[in-house]
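One-letter residues, chain by chain:
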Amino acid sequence: MLTRLRLCSAAILLAPSAGLRLFAPSAGLRLRGFARPLATAAPSMSMADAALPTLEDLTDPREWLEEVEGDKQIGWVKEQNADAVARIGEPSDKPLYGRLLEIMESDEKIPYIGRVLNGLYYNFWQDETHVRGIWRRCTLDEYRKEEP
């Protein structure tokens, strides 16, 4: 019995007796046809032999940006901003910029529910007091009030 898993532009066919085979789809047959095998595992290899990555194996190349007030980090952000402005132009020169900024900074915000967990409703909120934002939580009854 074959089991087919579809992953982006390649498909994996799992055959218990033959091991693991990875196939690339042929140009004209995206859903059904498969062309040449890209890799074939040894027949003795099983899915149990495949090791999943550990937490130590997973690294974030931009973890250093978590120190948001560091000189190196602020310098990097300024470089990225300068590059973006050079490519697309100064956003404040566009007519829509002022209107969008007014909407985003308005006090008339609608609190939306970002997630529900264990019967509590969570909302990410930003205002002049909480510039970076805070997660708020409440019950459904509290959320339904005029000012949750």
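As a reminder, the structure under discussion sits directly above these lines.
Residues numbered from 1 in each chain as written. Predicted model: local features only at pLDDT ≥ 70, side-chain atom pairs only at ≥ 80, totals over all residues. Heavy atoms only, no water.

## Re the layout of surface pockets
Size it by volume and the largest pocket reaches roughly 460 Å³. Taken together, 17 residues make up the lining of the largest pocket; nearest its centre are Met-104, Ser-106, Lys-109, Trp-125 and Gln-126. At the level of secondary structure, the elements contributing two or more residues to the lining of the largest pocket comprise helix H2 (95–104) and strand S6 (120–125). Looking at the lining of the largest pocket, the element that brings in the most residues is S6, giving three residues. A per-class count over the lining of the largest pocket returns eight nonpolar, three polar and six charged. (1 Å grid on protein atoms, 1.4 Å probe; cavity = no way out; pocket = protein on both sides within 12 Å on 5 of 7 lines; lining within 4 Å. Points joined across faces, edges and corners; volume = space filled by probe spheres on them. Helix = DSSP H or I, 4+ residues; strand = E, 2+ residues; numbered from the N terminus. Nonpolar A, V, L, I, M, F, W, Y, C, P; charged D, E, K, R; others polar.)

## Digging into helix H1 (residues 71–88)
Taking 1.5 Å as the rise per residue, H1 with 18 residues should run 26 Å; its terminal C-alpha atoms sit 26 Å apart, in good agreement. Gly-89 sits one or two positions beyond H1 and adopts a positive phi of about 95°. (Expected span 1.5 Å × (residues − 1).)

## So, unusual backbone geometry
With the exception of glycine, most residues fall at negative phi, and the peptide bonds are largely trans. Backbone geometry at Asn-118 places phi at a positive 55°, although glycine is not the residue there. Checked against the element boundaries, Asn-118 lands in the loop between strand S5 (115–117) and S6. With a relative accessible area of 75%, Asn-118 lands in the exposed category. (Buried < 20%, exposed > 50% of the residue type's maximum accessible area, 1.4 Å probe, protein only.)

## Things to note about the side chain of Asn-123
Tracing the chain through its elements places Asn-123 in strand S6. Under the relative-accessibility criterion, Asn-123 is labelled buried at 6%. Polar side-chain contacts of Asn-123 include one of 2.7 Å to the backbone oxygen of Tyr-112. For Asn-123, the contacting residues outside a window of four places in its chain are Pro-111, Tyr-112, Gly-114, Ile-134, Trp-135 and Arg-136. (Polar contact = N/O pair within 3.5 Å; in protein donor to acceptor, adjacent residues only side chain to side chain. Contact = heavy atoms within 4.5 Å.)

## A closer look at the sheet that holds S6
Across the sheet, which stays open at both edges, the three strands sit in the order S5-S6-S7 with antiparallel pairing between neighbours. Strand pairing shows two members of the sheet lacking a second neighbour, S5 and strand S7 (134–138), which therefore form its edges. The sheet shows a mean angle of 30° between the axes of neighbouring strands, taken without regard to direction. Two strands pair when backbone bridges link them, and S5 and S6 are joined in this way by three bridges, in the antiparallel orientation. From the neighbouring strand, Val-116 faces S6, where its bridge partner is Tyr-121. (Pairing = 2+ DSSP bridges. Axes fitted to C-alpha atoms, helices over the stretch in contact; angles between N-to-C directions.)

In short, shape yes, function no, at least from these values alone.
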